[in-house]
Amino acid sequence: MSAGKRTDEHGYGRTGLNGTMEMPIYLDHNATTPVDRNVLEKMLPYFCEVYGNAASIDHIHGNKAKQAVDEARQAIAKVLGCRKESEIVFTSGATESINLALIGAFRRFKDKGNHIISSAIEHPAVLDTLNYLQSEGAEITRLPVDRNGVVDLEVLEKSIKKDTILISVMFANNEIGTIQPIKEIGALAKSKGIIFHTDAAQAVGHEKINVYDLNIDLLSFSAHKFYGPKGIGGLFVRSYSPLIKLSPISFGGGHEKGMRSGTLNVPGIVGMAEALSLSIKEMSYENNRLRKAAGVICQRLQQTFPDIKLNGHPQNRLAHNLSLTIPGVEAKALIHRLKNRLSFSTGSACSTIKVEPSHVLKAIGLADDETFQTVRLGLGRTTQGAAGIADILIDGVNHVRK
Ligand SMILES: *Cc1c(COP(=O)(O)O)cnc(C)c1O
């Protein structure tokens, strides 16, 4: 069966599984990215040929798998600026990494205090975990953000108390693209002896990150946000100044220094390392290209509809993300109208029954009706022809706008 014709050196398909249907243009790279065909090729031998359990080191099959895991761990640790490769713990993705970081740190350090500081615009993986921790006795402060979605360092400093044990602020926001002053937050945490976790699912593979330079203690990431496979991710756990040990949240064979039991996903780990090194190689070229493309889409739209507003920080933002509020246009209606031509998302998170206004858009000061008139365009490696994309959107807005 054909998986669609290859379009470029990354091999991303433009047709559906039957190889005939031309798929819409994909503009949801903040939700997930296609697997780079080079990444897939690297992974393939680890399914049917090198299939040993990386923990079975008494025989060659296991050793070969362990060797692949070790090399991947080294490569990822190097890219992120770790001191040791053992600072990388493999998980099933950012959601699990975040759960392990927050729950693991809270349980480990709760004799020192129960106060956690976070922001109002975190991903549900952080928000829901913090809500859960309240039931274990945690007290949570959720910092407001300004119009651009940035945490105020003075407010952060003032909210620190004697019993603050953890600060968790995301690196880059998945809805509006704003990048936080991570190094400054980390320095503040460090000066007070507080552990600093950052959800970097949107930033790893897209922004330069050196965990030690940026004063990060714990950092969560996920391969499928940077052209790797779904279901594999990692957590950086600092081992030097200070040495951090997390309480495990699942139990089994004591893998990953006792922090995350379970047989390692060897193909996923190999794929994640390859995806990260490819992303780093192309980062500056790709970010320049996508920043220009995003600029073209935004300007072309605003030329036709001057009331369209870009959300998020004007400069300190992900190159590939556009959050646009289009007054008078329901995001859902626009997405539906254009569904055969473009695949993109609303700015609002929806539950199955009821559509809630996005907590991120509300936190930056949008009114409820504005949050429902907001779309998120996630550009990426598959994105070509920015002007054409803008024209499709203009056509859609003209039809939907009342
Ligand atoms: C995607 C994402 C996550 C969750 O990643 P999973 O791979 O789905 O577990 C967490 N935080 C942010 C900011 C994300 O963008």
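Worth saying up front: this structure is predicted, and the values here are computed from it rather than measured. (Residues numbered from 1 in each chain as written. Predicted model: local features only at pLDDT ≥ 70, side-chain atom pairs only at ≥ 80, totals over all residues. Heavy atoms only, no water.)

Description of the overall build of the chain
- For the chain, the helix and strand inventory stands at 12 helices and 13 strands.
- For the chain, whose C-alpha radius of gyration is 22 Å, the value lies close to the compact-globule estimate of 21 Å for 402 residues.
- The principal-axis extent of the C-alpha atoms belonging to the chain is close to 65 × 55 × 40 Å.
- When each of the 402 residues of the chain is scored for burial, the buried share is 54%.
- Of the contacts formed within the chain by residues at least 6 apart in sequence, a portion of 71% connects residues at least 24 apart.
- If you sum the accessible surface of the chain, you get close to 17,500 Å²; carbon and sulfur atoms cover 53% of it.
- Considering the chain, the positive charge centre built from 47 side chains and the negative charge centre built from 41 side chains are found 1 Å apart. (Helix = DSSP H or I, 4+ residues; strand = E, 2+ residues; numbered from the N terminus. Rg over C-alpha atoms; globule rule 2.2 N^0.38 Å. Buried < 20%, exposed > 50% of the residue type's maximum accessible area, 1.4 Å probe, protein only. Contact = heavy atoms within 4.5 Å. Areas by Shrake-Rupley, 256 points an atom, 1.4 Å probe, with all protein chains shown as cover. Lys, Arg positive; Asp, Glu negative; His and termini not counted. Charge placed at Lys NZ, Arg CZ, Asp CG, Glu CD.)

Side note on the nonpolar core
- Of all hydrophobic cores here, the largest spans 61 residues; its most connected members are Ile167, Ile209 and Leu219.
- Those elements giving two or more residues to this core turn out to be helix 1 (37–43), helix 3 (60–80), strand 2 (88–91), helix 7 (182–191), strand 7 (218–222), helix 8 (266–304) and helix 10 (359–363).
- A total of eight residues in this core trace back to one element, the largest contributor, which is helix 8.
- Looking at which domains feed residues into this core, each of domain 1 (25–35 + 282–401) and domain 2 (40–276) supplies at least three.
- Excluding residues within four positions of it along the chain, Leu219 makes contact with Leu80, His197, Thr198, Ala200, Val204, Ile209, Val211, Gly234, Leu235 and Phe236.
- Ala294, Leu379, Ile389 and Val397 belong to the second-largest nonpolar core, a separate cluster that totals 29 residues. (Core = buried A, V, L, I, M, F, W, Y, C linked by side-chain atoms within 4.5 Å. Domains from an automatic or database assignment.)

A few points about the sheet that holds strand 9 (residues 309–311)
- The four strands are arranged 9-10-13-12 in an open sheet whose pairing can be described as antiparallel. Two strands bound the open sheet, and with one partner strand each, they are strand 9 and strand 12 (345–346).
- Examined bridge by bridge, strand 9 and strand 10 (residues 321–325) share three bridges and lie antiparallel to one another. The residue bridging Lys309 from the neighbouring strand is Thr325, located in strand 10.
- Packed onto the sheet, helix 8 meets strand 9, strand 10 and strand 13 (374–378) and runs at close to 15° relative to strand 10. (Pairing = 2+ DSSP bridges. Axes fitted to C-alpha atoms, helices over the stretch in contact; angles between N-to-C directions.)

A word on the site of the ligand
- The ligand sits among 13 residues. The nearest are Thr95, Asp199, Gln202, Ser222 and Lys225.
- Ala94 is positioned such that a nitrogen or oxygen atom in its backbone is 3.3 Å from an oxygen atom of the ligand.
- Taking Ser222, its side chain carries an N or O atom lying 2.5 Å from an oxygen atom of the ligand.
- Here the ligand loses 86% of its free accessible area of 380 Å² to cover by the protein chains.
- The biggest single contributor to the shell around the ligand is helix 4 (residues 94–109), with three residues.
- The residue makeup of the shell around the ligand, split by class, is four nonpolar, seven polar and two charged. (Near = heavy atom within 4 Å. Polar contact = N/O pair within 3.5 Å; in protein donor to acceptor, adjacent residues only side chain to side chain. Nonpolar A, V, L, I, M, F, W, Y, C, P; charged D, E, K, R; others polar.)

Concerning the domain arrangement of the chain
- Assigned domains within the chain: domain 1 (25–35 + 282–401) and domain 2 (40–276).
- Centre-to-centre separation of domain 1 and domain 2, based on C-alpha positions: 28 Å.
- Between domain 1 and domain 2, the residue contacts involve 31 residues of the former and 31 residues of the latter.
- Summed over both sides, the interface of domain 1 with domain 2 buries roughly 2,700 Å², with 52% coming from carbon and sulfur. (Buried area = accessible area lost by both parts, 1.4 Å probe.)

Thoughts on unusual backbone geometry
- Cis geometry is found at the peptide bond from Ser241 to Pro242, where omega equals 0°.
- Of note, Pro242 is situated in the loop between strand 8 (233–237) and helix 8.
- Of note, the phi angle at Asn215 is positive, near 60°, even though the residue is not glycine.
- One can find Asn215 in the loop between strand 6 (195–199) and strand 7.

Section: a nonpolar patch on the surface
- On the surface, a nonpolar cluster with roughly 310 Å² of combined accessible area is contributed by Val35, Leu40, Leu44 and Phe47.
- When you line up the elements, Leu40 lands in helix 1. (Patch = residues over 30% accessible without salt bridge, like charges linked within 9 Å, V, L, I, M, F, W, Y side chains within 5 Å. Salt bridge = Lys/Arg side-chain N within 4 Å of Asp/Glu carboxyl O.)

As for the pattern of salt bridges
- In this structure the tally under the stated criterion is 16 salt bridges.
- With a shortest N-O distance of 2.9 Å, Lys362 and Asp368 are connected by a salt bridge.
- According to the relative accessible area criterion, Lys362 is partly exposed, its value standing at 42%.
- Classification of Asp368 by relative accessible area gives partly exposed; the value is 36%.
- Here the salt bridges do not stand alone but share partners, grouping Asp36, Glu282 and Arg381 into one network.

Observations regarding the side chain of Asn173
- With respect to the secondary-structure elements, Asn173 resides in the loop between strand 5 (164–168) and helix 7.
- Exposure remark for Asn173: the relative accessible area of 0% places this residue in the buried category.
- Excluding anything up to four places from it in sequence, Asn173 contacts Ile121, Thr178, Gln202, Leu318 and Val360.

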